[in-house]
Amino acid sequence: METKVLLPTQKNIETVGDALRDGALVGIPTETVYGLAANALDGSAVKRIFEAKGRPADNPLIVHISDVSQIDRFHLVTEIPDSAKKLMDAFWPGPLTIIMKKGDVPDEVTAGLDTVAVRFPSHPVTKRIITAADVPLAAPSANTSGKPSPTAARHVFHDMDGKIPYIVDGGACEVGVESTVITVAGATPCLLRPGGVTLEQLENVIGHVEVADAVLHQLKEGQTAASPGMKYKHYAPSAHITLIRSSDEKYIEYVNDRAESGAAALCYDEDEPKLSVKTYPYGGRSDFDAQANRIFDVLRRIDEDGVETVYGRCPDTSGKAMAVYNRLIRAAGFEVIELA
Ligand code: AMP
Ligand code: MG
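What comes next concerns the included structure. (Residues numbered from 1 in each chain as written. Chains lettered and ligands numbered in written order. Predicted model: local features only at pLDDT ≥ 70, side-chain atom pairs only at ≥ 80, totals over all residues. Heavy atoms only, no water.)

Topic: the site of ligand 1
And then number 1: Taken together, 19 residues surround ligand 1, and among them Asn59, Thr115, Pro140, Arg193 and Gly229 come closest.
And then number 2: One of the side-chain N or O atoms of Ser141 is found 3.3 Å from an oxygen atom in ligand 1.
And then number 3: Coverage of ligand 1 by the protein chains reaches 95% of its 500 Å² of free accessible surface.
And then number 4: Sorting the residues of the shell around ligand 1 by element identifies strand S6 (115–119) and strand S10 (190–193) as the ones contributing at least two each.
And then number 5: When the residues that make up the shell around ligand 1 are grouped by side-chain class, the tally is 11 nonpolar, five polar and three charged. (Near = heavy atom within 4 Å. Polar contact = N/O pair within 3.5 Å; in protein donor to acceptor, adjacent residues only side chain to side chain. Areas by Shrake-Rupley, 256 points an atom, 1.4 Å probe, with all protein chains shown as cover. Helix = DSSP H or I, 4+ residues; strand = E, 2+ residues; numbered from the N terminus. Nonpolar A, V, L, I, M, F, W, Y, C, P; charged D, E, K, R; others polar.)

Structural notes on the packing of aromatic side chains
And then number 1: All told, the structure shown has three aromatic pairs when counted by the stated rule.
And then number 2: Pairing Tyr254 with Tyr311 gives two aromatic rings, centres 5.4 Å apart and planes at 85°, and the pair type is edge-to-face. Here Tyr311 lies in strand S15 (residues 309–313) and Tyr254 lies in helix H9 (residues 248–256), a separation of 57 residues in the sequence. A single burial state applies to Tyr254 and to Tyr311, both of which are buried.
And then number 3: A ring pair is formed by Tyr268 and Tyr282, whose centres lie 5.6 Å apart and whose planes are at 50°; its orientation type is tilted. Pair noted here: Tyr268 is in the loop between strand S13 (264–266) and strand S14 (278–279) and Tyr282 is in the loop between S14 and helix H10 (288–304), with a separation of 14 residues, a long-range link. Here the two residues Tyr268 and Tyr282 agree in accessibility, since each one is buried.
And then number 4: It is Arg258 that lies over the ring of Tyr254; its NZ or CZ is 3.6 Å from the centre. (Phe/Tyr/Trp six-rings, centres within 6.5 Å; stacked < 30°, edge-to-face > 60°. Buried < 20%, exposed > 50% of the residue type's maximum accessible area, 1.4 Å probe, protein only. Lys NZ or Arg CZ within 6 Å of the ring centre and 35° of its normal.)

Quick notes on unusual backbone geometry
And then number 1: Geometrically, the link from Trp92 to Pro93 is a cis peptide bond, its omega value of -5° lying close to zero.
And then number 2: Mapped onto the elements of the fold, Pro93 is located in the loop between helix H4 (82–91) and strand S5 (96–101).
And then number 3: For His75, which is not glycine, the phi dihedral falls at a positive 45°.
And then number 4: Of note, His75 is situated in the loop between helix H3 (69–73) and H4.
And then number 5: Under the relative-accessibility criterion, His75 is labelled partly exposed at 36%.
And then number 6: Located in the positive-phi region is Phe334, a residue other than glycine, with phi close to 65°.
And then number 7: For Phe334, the location among the structural elements is in the loop between helix H11 (321–331) and strand S16 (336–338).

Interpretation in functional terms is not warranted from these geometric data alone.
This is the structure:
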């Protein structure tokens, strides 16, 4: 199959809208990362997303809408709890996915769970594509499963060339990490995945929010993940990444001591001039927006350059940096060295 990369002209949006409604898979831009979309009401189309990505069948997908009224129109959930209404008012359209009790959604989308994840993206092109398709779109990130998520159309082409008919190029993704995922299906709201909307912002709107164990820690053997996606090795380039938690000076000293080995540094922007190895800066130390925006592109470049060993600065866990930490700690297989 030839994979065409299309600009978001009105004619092209109508072409992919029709194709989606008829069961095709399409790479679509969103403000978080690029998605691999299918008609969420068509179980067999959704099944092909899992095949194209090599995604484990027990990892459910997010259903994307372009208007809140579509939740009722397509009976996606059994009810919208008050906390969900408040979150929608505060953060939609935007990078927040809300999990509620499932309505009429095919089992392929929810991996057989009795809950469904719903998001209303803010990217204007995403909204136009969903509106043109006139059906909700099930979409995970458009990467090969386990690899860094795509934040540009060329990343999607790299992973999906020959597997899908269309990719819509909407430019680089602004947020750069996947949406925040919160469940309101249980007694207490619980953060399942950190993203563009921070824990602090969520708590400002609905009060206390629990944080699932898998967000910041490696699950112990036998422990089940509240969000199935969090249990898999994730976001990982082929390179071996080790994170270093230390002062600036200790990090620079540790990495420069290993310059002979050909190792590279996944560093803060400020570290770059002091390092004597190849550097992959992923943002300023306190610029969490830039870190989120750049991290996946940097991880992909590490692979393109064939780097084998990488020492990375361990990100902060506050604010939006929690999302960067959550991704990088998985890219590093939870390997962290503490230097006192
Ligand atoms: P992706 O679309 O690739 O960003 O992955 C979607 C994420 O949302 C994965 O981590 C899923 O495990 C999670 N997710 C989707 N639906 C549910 C659900 N019903 N319950 C818990 N987690 C979910
Ligand atoms: Mg993903």
